[in-house]
Amino acid sequence: MKIIYEDNHLLVVEKPINVPMQEDESKDKDLLSLCKAYLKEKYHKPGNVYCGLVHRLDRPVGGVAVFAKTSKAASRLSESIRTDAFTKLYHTVIVGNLPKETTLIDYLVKDEKTNMTKVTTKDQGKYCELRYEKLRSIGELTLIRIELITGRSHQIRVQFSSRGCPLWGDARYKPSSKPGQQLALWATSLSFPHPITQEVMTFKSELPRTQPWNQFE
């Protein structure tokens, strides 16, 4: 686990791919537990260690993730998310081509039984929005930069797949993905006001140098 930034209130890390944010039914090692173990060892803390989960990334997604080291920081970070004070930037590689840049708006509903999200009508779903910019195309692949305005479950994956441009390696929303492909979605930047000083801070994570990212280097 790579530590990007740490002070008395924040712990910003680079989430590895295929690691859940918190414990789930798989019982695999999760990022929250890894952060708690790191804090416990570094500061020689006895007993339980506080580490607050304030936002989520899908299991196959890597990149910037922030945790709160105090309950006060957790409360203020959660309020910043609620009031849209977080700026969340992602990069992805889609299979297909879209206009150079635009805003995507949909209404999404999640089926809890299948853990699948789909586009639905305004009266049945939750509003979701993102803005994207097309950076480069190579063959059928296109590198996209995304500013996520809302944070619905699987939002980025569903909004692009519903337009016939699924994310590379998305076995859930692009069933034709080849076995072993890793979902090409990365949380590259996170900006938000510090929970104590209110200074706006920005943290970044570089894209992997694996397929399909390395085609755009």
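This text follows the structure it describes.
Model, not experiment: these values are computed from the prediction.

Rules used in this analysis
- Residues numbered from 1 in each chain as written.
- Predicted model: local features only at pLDDT ≥ 70, side-chain atom pairs only at ≥ 80, totals over all residues.
- Heavy atoms only, no water.
- Salt bridge = Lys/Arg side-chain N within 4 Å of Asp/Glu carboxyl O.
- Helix = DSSP H or I, 4+ residues; strand = E, 2+ residues; numbered from the N terminus.
- Buried < 20%, exposed > 50% of the residue type's maximum accessible area, 1.4 Å probe, protein only.
- Core = buried A, V, L, I, M, F, W, Y, C linked by side-chain atoms within 4.5 Å.
- Contact = heavy atoms within 4.5 Å.

### Concerning the pattern of salt bridges
Throughout the structure, instances matching the rule amount to 11 salt bridges. The salt bridge involving Arg131 is made with Glu147; its shortest N-O contact spans 3.7 Å. Here the residue Arg131 occupies a position in strand β8 (residues 126–138), and Glu147 occupies one in strand β9 (residues 141–148), the gap between them amounting to 16 residues. Here Glu147 falls in the partly exposed class, since its relative accessible area comes to 25%. Taken together, the shared-partner salt bridges connect Glu6, Lys42 and Lys69 into one network.

### A short note on the nonpolar core
Within the largest apolar cluster, 30 residues are counted, with the highest numbers of intra-cluster contacts made by Phe67, Ile156 and Phe160. Taken together, the elements giving at least two residues each to this core come down to β2 (10–15), α1 (31–42), β4 (62–68), β5 (87–95), β8, β9, α3 (155–161) and β10 (185–193). Element by element, the count of residues in this core is highest for α1, at 4 residues. Other than its neighbours up to four places away in sequence, Phe67 contacts His9, Leu10, Leu11, Val13, Met21, Leu31, Leu32, Cys35, Cys51, Gly52 and Leu53. Grouped together as the second largest cluster of nonpolar side chains are 14 residues, Val12, Ala74, Phe86 and Leu190 included.

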